[in-house]
Every structure is written in C-alpha cells, then in structure tokens.
Amino acid sequence: MGPDGAPSVLNGTVDTIAVVVLLAEFAMLRSTLLRSQIRLYAAQSFVVAVLAAVLAFADNSYELLILAALSIGLKVIAVPVVMSRTVRRAGADVAGAGSLRAASSALIALVAAGFGFFAVGRLGLQAHGLSPTVLAVAGAIIMVAFVLMTVRTDVVSQSVGFFSLENGVSVASLVVAAGMPLILEVAFLFDLLVAVVVFGVLIRVHHAEQGSLSTSDITALRG
Amino acid sequence: MAALLIIIVIVPLVAGCLAFVVPTRLARLITFVSGLSCLALAVALGVGVHVGPVTFGFLRADALSWVFLVATAFVYATAVTYAIGYQSPASATSYQHRLFAGLNIFGWAMLCAPLVNGLALLWVAIEVTTVVSALLVAVDRTPRASEAAWKYVIIASAGLGIALFATILVYQAGTQVFGESYDLTLTQMIGAGSHLPVAPIRLAFLLAVLGFGTKVGLVPVHTWLPDAHTEAPTPVSAMLSGSLLAVSAYAVLRYVQICRPVLGAEFTGAVLMIFGVISLLVAAFSIMLQRDLKRLLAYSSIEHMGIVCLGISFGTPLALAGVLLHVLAHAAAKGNAFYGAGVVMHAYGTKDIDRIHGGLDVLPWTAPLFVCTIFALCGMPPFGMVRSEFMIIAGSVGSTTRIVAIVVLLGSTVAFLGLARVVTRTMFLTASVAGAVDAPSPRRGEPSAWMVAPMLAGLAVLVVLGLHPPAALTDLLSQAAGELM
Amino acid sequence: MGLEIAASGVQALQVATVALGAPWVSGVIARVEAVVQGRHGPRILQPYYDLIKLFGKESLRPAGAGAIFLIAPFVAFACYLTVPLLIPILTTFGLPLGSMGDILGGAFVLALAAFFVSVAAAETGAPYAQLGASRTTTFSALTEPVLLFVIFTVGLLSGTDLPYKMAETVTSSASQLVRPAHLLASVAMFLVVLVETGRIPVESHRSTNELGMIEHARTLEHSGPYLALLTWGSQMKQMILYALLLNVFVLPWGLASDRAAGSVVWAIVSLLLKCVAVGVVVTAIDNSFSKLRLFKITEFIAAAFLLAVIAVLTLYLGGG
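Residues numbered from 1 in each chain as written. Chains lettered and ligands numbered in written order. Predicted model: local features only at pLDDT ≥ 70, side-chain atom pairs only at ≥ 80, totals over all residues.

Peer 1: Is there a simple way to explain the overall build of chain B in this structure?
Peer 2: Scanning chain B from N- to C-terminus turns up 20 helices and two strands. Taken over the C-alpha trace, chain B has a radius of gyration of 21 Å; the compact-globule value for 485 residues is 23 Å, and the two agree within 12%. For chain B, the proportion of its 485 residues judged to be buried stands at 63%. Taking all contacts inside chain B whose residues are at least 6 apart in sequence as the whole, residues at least 24 apart take part in 81%. (Helix = DSSP H or I, 4+ residues; strand = E, 2+ residues; numbered from the N terminus. Rg over C-alpha atoms; globule rule 2.2 N^0.38 Å. Buried ≥ 20, exposed ≤ 12 C-beta atoms within 10 Å, placed from the backbone. Contact = placed C-beta atoms within 7 Å.)

Peer 1: So what exactly am I meant to see when it comes to the interface of chain C and chain A here?
Peer 2: Many descriptions give the size of an interface as the accessible area lost when the pieces come together. Every contact between the two is made by 26 residues of chain C and, on the other side, 26 residues of chain A. Secondary structure elements with two or more residues in the side of chain C that touches chain A: α5 (127-158), α6 (163-172), α7 (174-177), α8 (180-197) and α11 (297-315) of chain C. In terms of residue class, the side of chain C that touches chain A is built from 13 nonpolar, 11 polar and two charged. (Nonpolar A, V, L, I, M, F, W, Y, C, P; charged D, E, K, R; others polar.)

Peer 1: Can you walk me through the environment of Val20(A) in this structure?
Peer 2: Mapped onto the secondary structure, Val20(A) falls in helix α1 (residues 9-30). Considered as a pair, Val20(A) and Met149(A) are 129 residues apart in the sequence and their alpha carbons are 20 Å apart.

Peer 1: Teacher, can you tell me more about the arrangement of the chains here?
Peer 2: Inter-chain contacts occur across two pairs of chains; the most extensive set of contacts lies between chains A and B. Structurally, chain B and chain C remain out of contact, their C-alpha atoms never closer than 16 Å.

Peer 1: Help me understand the packing of helix α7 (residues 182-210) of chain A against helix α5 (residues 119-137) of chain B, please; the structure alone is not making it clear to me.
Peer 2: When two helices pack together, their arrangement is given by the angle between the helix axes and by the axis-to-axis distance. With their axes 10 Å apart at the nearest point, α7(A) and α5(B) run at an angle of 10° to one another. Classified by the angle their axes make, α7(A) and α5(B) are roughly parallel. Every residue of α5(B) that contacts α7(A) at Leu184(A), Ala187(A), Asp191(A), Val194(A), Ala195(A), Val198(A), Val201(A) and Leu202(A) is listed here: Ala120(B), Leu121(B), Val124(B), Glu127(B), Val128(B), Val131(B), Ala134(B) and Leu135(B). A per-class count over the contact of α7(A) with α5(B) returns 14 nonpolar, no polar and two charged. (Axes fitted to C-alpha atoms, helices over the stretch in contact; angles between N-to-C directions. Parallel < 35°, antiparallel > 145°, perpendicular 65-115°, else oblique.)

Peer 1: I would appreciate a short explanation of the environment of Phe77(C) in the present structure.
Peer 2: All names here are of chain C. Mapped onto the fold, Phe77 is located in helix α3 (residues 67-86). Residue Phe77 is classed as partly exposed on the basis of its 19 C-beta neighbours within 10 Å. The sequence separation of Phe77 and Thr231 amounts to 154 residues, and the corresponding C-alpha distance is 9.5 Å. Contact partners of Phe77, with chain neighbours within four places excluded, come to Leu229, Trp232 and Gly233.

Peer 1: Explain unusual backbone geometry here, please?
Peer 2: Peptide bonds are trans in most cases, and residues, glycine excluded, mostly fall at negative phi. Omega for the peptide link from Val219(B) to Pro220(B) comes to 10°, which places this bond in the cis form. Between Ile200(C) and Pro201(C) the backbone carries a cis peptide bond, its omega angle lying at 5°. One non-glycine residue with positive phi stands out, namely Arg141(B), at about 55°. Arg141(B) gets classed as partly exposed once you count the C-beta atoms within 10 Å, which come to 13. A positive phi angle, close to 55°, is found at Leu184(B), a residue other than glycine. When you line up the elements, Leu184(B) lands in the loop between α6 (143-178) and α7 (186-192).

Peer 1: In this structure, what is going on with the interface of chain A and chain B? I would like to understand it.
Peer 2: Counting from both sides, the interface comprises 38 residues of chain A and, opposite them, 38 residues of chain B. The set of elements that each furnish at least two residues to the side of chain A that touches chain B consists of α5 (133-151), α6 (155-176) and α7 of chain A. Broken down by element, the residue count for the side of chain A that touches chain B peaks at 13 residues, all from α7(A). Here the side of chain A that touches chain B is built from residues that sort into 27 nonpolar, eight polar and three charged.

Peer 1: Looking at this structure, I do not really get the packing of α8(C) against α11(C). What am I missing?
Peer 2: Residues and elements named next belong to chain C. The interhelical angle for the contact between α8 and α11, taken along N-to-C directions, is 155°, at an axis separation of 8 Å. Considering the angle they form, α8 stands roughly antiparallel to α11. In the packing of α8 onto α11, the handedness of the crossing is left-handed. Between α8 and α11, the residues in contact are Pro180, Ala181, Leu184, Ala185, Val187, Ala188, Leu191, Val192 and Val195 and Ile301, Ala304, Leu307, Ala308, Ile310, Ala311, Thr314 and Leu315, respectively. Looking at the contact of α8 with α11 residue by residue, the classes come out as 16 nonpolar, one polar and no charged. (Left-handed = near helix turned anticlockwise from the far one by under 90°.)

Peer 1: I would appreciate a short explanation of the environment of Ala243(C) in the present structure.
Peer 2: Residue and element names in this part refer to chain C. With respect to the element layout, Ala243 can be found in helix α9 (residues 224-250). The class for Ala243 is buried, based on 27 C-beta atoms found within 10 Å. In sequence terms Ala243 and Pro88 are 155 residues apart; their C-alpha atoms lie 7.8 Å from each other. Beyond its immediate sequence surroundings of up to four residues, Ala243 is in contact with Ile87, Ile89, Leu271 and Cys275.

Peer 1: Please explain the confidence of the model for chain C as it appears in this structure.
Peer 2: Close reading of the predicted structure is inappropriate where its pLDDT is low. Residue and element names in this part refer to chain C. With 98% of its residues at a pLDDT of 70 or more, chain C has an overall mean of 86. Helix α2 (residues 46-55) holds the highest mean pLDDT among the elements of chain C, 94, whereas α7 holds the lowest, 71. Prediction confidence for the complex, expressed as pTM and ipTM, is 0.86 and 0.92 respectively. (pLDDT = per-residue confidence, 0-100.)

Peer 1: What is the right way to look at helix α16 (residues 384-395) of chain B in this model?
Peer 2: Turn by turn, an α-helix covers 3.6 residues, leaving residues three or four places apart pointing in a common direction. Residues and elements named next belong to chain B. The terminal C-alpha atoms of α16 lie 17 Å apart, and with 12 residues this matches the ideal 16 Å at 1.5 Å per residue to within 8%. Burial in α16 covers these residues: Gly384, Met385, Arg387, Ser388, Glu389, Met391, Ile392, Ile393 and Gly395. Looking at the buried side of α16, the elements it contacts are α12 (293-314), α13 (317-348), α15 (366-378), α17 (402-428) and α19 (449-467). (Expected span 1.5 Å × (residues − 1).)

Here it is as structure tokens:
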C-alpha cells in the first residue's frame, strides 16, 4: 500500500466519520455516569446525521438530508430528553461498574470490534464507490454495542447500548442502502421512537418494582 | 378479497384504541367482537388466497402468510374470550383498560406481520409486537414480571437489531438486481430468485436466523422466553407462545424463501438444523426439571419451535406442509394448555407443580381438557400434532439426515416423559396418594364458562386436524409448501 | 538566493537548530502559559540564562552513586543530538547520515536516553528519584505498543518506515489528509507526546509535587553541569517529539525541498513557529484539564492504544 493507495476524499471523510462513531461507542463503554452516557449517545447520533448529510451532498439527494434532519430531531433531541427524564425521576446518577472491570471490558470490546470489522469487511461489499471499510466499521460498532449491553448491569446503560446498536445499523444502511425509500427509513425512525417510549415505561416499572436501576439483583427467575 | 385484508388490518387497532377510553364492559365487548370477526375474516381469506396472492398497496396475502394469519387469529380470538373470564369485572379499571387495549394492539401487530408486503415492513411489524408484548408482560406490575419484561425487551430488541442489519444487507444485495432505490417488497425479492449475489445474502441469512430466531425462541438466544411466558397474564402467555413465536418463525421462513435459491438448500438446511436440534434437545431435557406449570409449557414451546426449524431444514414439500400444519396445531394446543394452566392456577392459587394435586376432582371440565391438550402436545393421536410431526419426520426421508429424525423422536419422547409426569402428578393423583400434606384443596367447580369455551374450541380444532383435516386446508398447505420450494 | 549549503552542512544545521532552539521553544511556551493565566511570566530567553547559570555551579554526587550517575547526562545528551540526524527536521529529502536509522531506530535511541537517565536516578538511592525512575519506566513500557502501532501506520501509509517519505506522502494530495488512519495516528501520536514530555494530563510541570511526579523526579539528585545537560536534554527531547509530530503527521509544510540557503533558513523559522504552535495547543490543554490520577494514566494510554489500533485496522480494507 503505497502513497497511491489513498482513498478518495469522500471515502476518507466517510471512513473518518464512521470511526468517530465507533470511538463514541468505546467512550460509552468506558463512561460510568448515566448522564454522560446519554450525552455521548446524543453526540454519536449527531455524528451519524453528519454522515447522512455528507452522503447527501455527495449524491445530491435531498432525501438523505430530510433523513438527517429527522434523525437529529429524534435521536439527538427527543431520545436523550426522554432518557434523561427517566433517569432524573429514578434519582440515580452513577451506572455502576458493570460485571467486568473497565480494562477487561475495553479489551473484550476491542476484540469484538476487530471480529465484527473483519467478519463484515471480508464480504467486500461496496456502494457509491466507497470501500468496504465503512460497512466493516459499522459491524465493529454493532459488536461493541453488544458488549456494552452485555457487560453493563443497569437498565439505562443497556437501553443506551441498544440505541447505539441502532446507530450502528444506521451507519450501515446509510452506506449500502442509501437508496432505500424515505418512507421505510422514516418507519424505522418512528419504530425507534416507539421503542424508546416503551423502554422508558419499562425502566420506570423496573425502578418502581426493584427499587433501583440495577439489574444485578434480578436473579429470581432461573432454570 | 382486498377488502378483507384492509378490514383485518384495521379492526383490532381500532378496537385497541377504543378499549382505552370506553367503559370496561364496553371494552370487553369490543375486544370479543374484534377477536371473533378477525378469525372469521382470516378463514374467509383462504378462499381468495387459494386462487393466488391477494395484494393491496403494501399488504399481501399468499398461502404461506394465510397459514400464519389463521393461527394468529385463532389464538387472538380464544385469548380474548379467555380474558373476559380471566379478568373479573371487579378489578381495577386502569388494569382492565391496559389489558384489553394491550391484547387488541398486540393482536393487531401480529396480524399485520404476515400481511405486509416487504421485508422492512415485516421487521417494523415484529418490532412493534416486541414492544407491545413487553408492556403486556409487565402489566401485572410485580417484581418478577418487571424482571421478565426487561429481560425480554432487551434480548428481543438486540436480536431484532441484528435482524435489521440483515434486512439492510438483503437490500444491498437487491441493489445489484433492482438498482439503487427500490421497495424491498416480498414479490420483488422472491421474484429475484438466484440473481442475488451470494456474499451479502449469506451473511444476511445467518444474521436473520440469529436475529429473528431470538424471537422464535431458538437456543441459545431463548433465555427470555421461559421468564416472559411465565410471568405474563395467562391470555398474554397464550398469545406469546401460540402466535408470536409462529409469526417470528414466519419471518425466518420468508428469509429462507428468499435466500434458498441463492445459497442452496444444503447451507440453509444446515444452519436451521443446528439451531433446531439444539433447541429441541435443550428444551426437552429442561422440561424434565421444571417445577412451575407455566414455565413447563414455555419450554414445550421452545421444543416445538425446534421441531418447526428442523422441519424447515429438511426442505422437502412433505416436511414443509408438516411444518405449516404444526404451526396451526401448536397454536391451538399451546393456547389450550395455557388456558388450562391458568384455570388450574386460579383454582389452586399456586403455580408450583408439587402443590397441585387431584385436578380431575376439582375441575370437571378444565382438567380433562387440559389432560387431552398436554397429550396432544406430546404428539398423541388423534390430535393434530401427531399428523404434523409424522409429516415432518416422513419428510426427512428424502434428505440425507436420518440421524436428525432420530433426534426428533428422542427429543419428543423425553418431552413426553416430562409432560406426562407433570400431568399425572397434578391431575390424576390426589393429595393423599401423592403424600402431600399441606397442599391446597380447593372447592370443586369451574371458575368461569368464558375460560372453558376457548379450550373446547381448541380441542375441537385439534381433533379435526388430527382425524381429517378438510381438503381445502390441505390444499392450501400444499400450495404454501410449494411456494416455499 | 542562489547560495546552496552542503548536505552535511544542512545536517549540522538540523542538530544545531534543535540544540539551540529547544530552550527558546520552552521559554516561549512558558511565557504563553503565563500570559494565558494573567501573569507577566518569565523572560523568553530565561531557559538560556538558567542553563548558563547551571553550567557554572558546583555539582554534588550522592554517596554510593556509581559511574552511571555521572555519565548518564552525557549519554542522554548525545542521544538527543543523534536523533535530529534521523528525522525530518528541516528537509523533505534524506540527508547523508539520515539513513543511519529509520523511525524505529529513532525511537530506540530516545528510549536509550530515557533508560540511562532512569538507571542513574535509581542508582542514587533517594526515594523520589527512584519513584520517578520506576514510574517512568512503567509508563514508557505502556506507551511502547502505542508507538509501535503508530509506526506501523506510518509504514503502511507511506510504504516505507523512513520518516522522510511519510512527509512526502502527506503533502502529496488532499485525500491523504482526511484518511482516518492518518488522523487517528496523529491523535495517538499527540497523546504519546503528552505522556513522553510530561505535560497535563499526565504530569504537572508547574510545581514539584513529588507524589505526582513521573519524569521530572528523576533529575532531582543531579546538580551543576550535569543538571544543565539533563535539563537541556529534556528540552531537546520535547522539541524532537514536537518536530516528529509536526513533520511526519500534522503539518509537514514549510520544509526545505532543496539545499538553497533561503529555503533552509525558512525551514528553520517555520519549524520554530510550528513548535510554538504545538506548545500553544499543549498549554491550552494544560489550562483546561486537571492532572489524571496515577492509575488513570493507564486508561489514557489505553485510549491512545485504541486509536492506534483502529488506525491500523482501517487500513486493511482499503478505506483507510
């Protein structure tokens, strides 16, 4: 790979933005305060919207711009507001360390990211003249989101993990399925909104019944 | 015909929204009417589907979706009937509103899923079923229910996240055939046949089986299932076991239908076979260990879904027709089983198998029906499941896997042992014979006729399916199996 | 101007620029920091006066400290004079002695200098010096993988591990700038520079807070000319690392592409200005963040490692 092997400016930009989303995912894994996790999710969603905008300008497609605007409205504003309100009502601040220490979970996340990266990247799927790297990064994001959902033992972190999983899938869909009709993308977004509302209700129920936001005590159902 | 589609899609949603606001007696009536009318419409749709797929806008019904539609509608109808007896009019208004509205909306989402014409819309429908059912699992507001609901919603949503990724990959594969922007409709994707590129389809298939398989209850992503099905109120458990698992299996079937021409029958068969075998064996052995009546039935659902997966993996027309018949029979039988268990629990006040004795003496209608249903689940003649399991196993003769058929038989036998043990202890043995000293001994008598009627209907369906399924039905089943090939 | 300087002359100028310019860079950074904090601050040429003063003072040696205590400052200084021969300081083309070592060799020589200073500190038997020595060695060991991955990235991006080629690659086109591998490696390198030069958030240079000192504690026992050499050496190390970061990763413009006197002079000036710019950024970080607790530094390094690993990963599928 010599100096001639550089990807185009668009490709490099898109890859960089995808990597920033991945870094936000790692940061979410590392952060302990629930407030900062929600803010990181908002930041990550904003970066995904930026990615949509970049691709919109590259393709001259106004549909992607509408999608970017809707994502900002929903994922950067609405979802964090709903989650923050839930957290505030529950009165908890710190997320707890999760089932593994920070160093071990970071290593596992790195291995998972590598696995996701190569497993998806090997397919060599391309679209728009972009290299397969972005899809591979999306695969890495999804795997790290899984690690986040698995390792954390409180309901808010697990929900934020699920929402960031959806962010990873959005990155993938922006790259390989950018032509998907707007109505389907909007359906996905509203579905996410419904899911967020339901998650909020269930978190409140969980807090009311268990008295805390932790899931490490719910061991009543076994076998 | 298209009108039937539209009505089926609208009625439960309207019923659900109304049930939130109107007085509870009216809500019960609306729910009951909605359930029965959807069942009637679903059965009537079979006439139109026999000719060819019925489409309208983004709705589409072919023989395959009709099977799952009828199964869902049957469970919906019986569940709402049961719920009217289950929920006494005297309990809290808000709880009744939530329960009945929830049942309707849950039924609506499950009825929509087989009817939508598009993989993306299918995913959206199944995601809606997930969130609505999670709310229903938690409707009782006990600590155990909230734990079960949270586990369910997290694991199922994670699985659906993977399934969404699979949908995106299928879309990407389709862009090679249809161009950058197209609608991802089922008609398109089925029509694409083997033109789709292999690499993305392979990964998409694996992810779809894993993702939707989470909702079907395949091991190892089944851990939410026993908890959710146990802690939910009984009509909800019946809908979860009887129809939601089936609708998720429908999603897997659509992916098999789209991916099989591209990947070949061996690959898709092998993947499904691994999941099916593991699910079957784990569930069968877990049945032996259960102490909780509803949890037992939940593991039995996993076992049957394992058999369904194995049937799909065999891939012969006979096995596929057996799978579809199994879906119908399982819907009736599992619904019945949960209703019976619900009545037993209501009468005895406990779910613990060790504390329930002499059921036949206490419940003159429910107990015999429950016994028959459990034996139906084990695959005893003359009920429908023996026919479907026979078709599945016979369908394996054509393919290479004789040992898998032996595994199916082994698993079913182990499950039979577990279920028969439970049935004997709870229904046949009286407390004195069983040696239990402080077991509850309730008064003899049925709690409510509303709770018995669905069981009668279910058993009737099972007997019909087992002895002599109507010719129209078998025609539609073979038609659906043919579409899958 | 048509005057051309001989290649060996340019090379000597490289070493001289680093040796003579490093205290100036430190002075400017200290002044900027003071101004930002609202103080007047020391003279910009203060480091020179400090060095001259130190060369004139007597030196003491702890009882029991052996020869290494005395020769370590010389070895370190010699190393810091050698490294500018290997990395692009002033020019974009290789100079005669430049192929003595590649970027890996340069890293090795820097590590050698740190090793000798740490051993000298350990020899003294004084508690704080030993504390500093052991901490420095530990953290250097942790930053090695990061540095290696950054070097791998450089190697994969430019096809060779000669640092000169990398500068050429980066300046060749705009597409090279937005490569995620390049950006990530730059950030990782910057974080490593923060660790190696002992700035916030790793170490506080403003006070002698012994319990928090890592690198600066090693020189507590030296005095006189030895201390002068060590101080000068650490200032040169700072400038070398800044030059490495700038000329290989971030701002490789302004280097001389031929041996004309005018372009060489301009290269010297631009290097000094660029180092000051990096210093300003470091000062901004200084004033915005607080020092990390000691055990959190490993997380800081782990973050840098993560960036470096992802930089290498993104190169693998052609999109980096």
